[in-house]
Amino acid sequence: MTPTPTPPGPSTPPPTNIMALAAFALSVLGTLVPPAALGGVVCGHLARRQIRQRQESGDSWALAGLILGYLLILLSLAGLLLFGGFVATMFGIMAFM
């Protein structure tokens with residue numbers, strides 16, 4: 001009688017990087033509090049480096065946090081420039097009155 005080989009146990013997936021989840025959460029929070037988007041971008045870059053070094057999962061969370069964070073920063077800067085243009089225009093109009 002030959003022994004039957006035992007099948008390998010279920011492999012556990014690598015742990016999810018906590019910094020990647022924080023990057024996504026901060027970027028989502030950046031929709032209400034714009035400076036939080038900057039924290040999301042910083043955490044996203046740090047998380048992607050940690051994921052490569054430690055062979056963890058969560059790269060998609062970090063990438064989503066980076067995309068959303070950069071998009072919110074871009075929209076915030078565009079809004080500030082637009083607001084500044086309106087203010088400069090109003091002061092320019094008021095100077096001629």
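One can find the structure itself at the top, above this paragraph.
Residues numbered from 1 in each chain as written. Predicted model: local features only at pLDDT ≥ 70, side-chain atom pairs only at ≥ 80, totals over all residues. Heavy atoms only, no water.

Enquirer: I would appreciate a short explanation of the packing of aromatic side chains in the present structure.
Expert: By convention here, two paired aromatic rings are described through the distance between centres and the angle between planes. Here the structure, examined in full by the defined rule, presents 1 aromatic pair. Each ring, one from Phe 24 and one from Trp 61, has its centre 5.1 Å from the other, and the planes form 70 degrees; the classification is edge-to-face. Taken together, the residues Phe 24 in helix 1 (residues 18-29) and Trp 61 in helix 3 (residues 59-95) connect sequence positions 37 residues apart. (Phe/Tyr/Trp six-rings, centres within 6.5 Å; stacked < 30°, edge-to-face > 60°. Helix = DSSP H or I, 4+ residues; strand = E, 2+ residues; numbered from the N terminus.)

Enquirer: Would you explain the side chain of Ser 27 in this entry?
Expert: The residue Ser 27 is located in helix 1 in this model. The buried category is assigned to Ser 27, whose relative accessible area is 0%. Filtering out sequence-adjacent residues up to four positions away, Ser 27 remains in contact with Ala 36, Ala 37, Gly 40, Gly 65, Leu 68, Gly 69 and Leu 72. (Buried < 20%, exposed > 50% of the residue type's maximum accessible area, 1.4 Å probe, protein only. Contact = heavy atoms within 4.5 Å.)

Enquirer: Could you clarify how one ought to interpret a nonpolar patch on the surface in this entry?
Expert: The grouping of Ile 18, Leu 21 and Trp 61 at the surface amounts to a nonpolar patch, some 300 Å² of accessible area in total. Given a relative accessible area of 39%, Trp 61 falls into the partly exposed group. (Patch = residues over 30% accessible without salt bridge, like charges linked within 9 Å, V, L, I, M, F, W, Y side chains within 5 Å. Areas by Shrake-Rupley, 256 points an atom, 1.4 Å probe, with all protein chains shown as cover. Salt bridge = Lys/Arg side-chain N within 4 Å of Asp/Glu carboxyl O.)

Enquirer: I would appreciate a short explanation of the packing of helix 1 against helix 3 in the present structure.
Expert: For any two helices packed against each other, one specifies the inter-axial angle together with the distance between the axes. The interhelical angle for the contact between helix 1 and helix 3, taken along N-to-C directions, is 25 degrees, at an axis separation of 8 Å. The angle between helix 1 and helix 3 falls in the class roughly parallel. Like other packed secondary-structure pairs, helix 1 and helix 3 cross with a definite hand, here left-handed. Contacts from Ala 20, Leu 21, Ala 23, Phe 24, Ser 27 and Val 28 of helix 1 reach helix 3 at Trp 61, Ala 62, Ala 64, Gly 65, Leu 68, Gly 69 and Leu 72. Partitioned by chemical class, the residues of the contact of helix 1 with helix 3 number 10 nonpolar, 3 polar and no charged. (Axes fitted to C-alpha atoms, helices over the stretch in contact; angles between N-to-C directions. Parallel < 35°, antiparallel > 145°, perpendicular 65-115°, else oblique. Left-handed = near helix turned anticlockwise from the far one by under 90°. Nonpolar A, V, L, I, M, F, W, Y, C, P; charged D, E, K, R; others polar.)

Enquirer: It is not clear to me how helix 1 should be interpreted in this structure. Could you clarify?
Expert: Since the α-helix advances by 3.6 residues per turn, residues separated by three or four positions end up pointing in the same direction. Relative to the 16 Å expected for 12 residues at 1.5 Å per residue, helix 1 spans 16 Å between its end C-alpha atoms, a close match to the ideal helical length. For helix 1, the full list of buried residues reads Ala 20, Ala 23 and Ser 27. On an axial view of helix 1, the arc spanned by its buried residues comes to 55 degrees, and they lie on one face. Between a side-chain oxygen at the N-terminus of helix 1 and the backbone nitrogen of Met 19 the separation is 2.7 Å; the capping residue is Asn 17. (Expected span 1.5 Å × (residues − 1). Arc of directions from axis to C-beta. Polar contact = N/O pair within 3.5 Å; in protein donor to acceptor, adjacent residues only side chain to side chain.)

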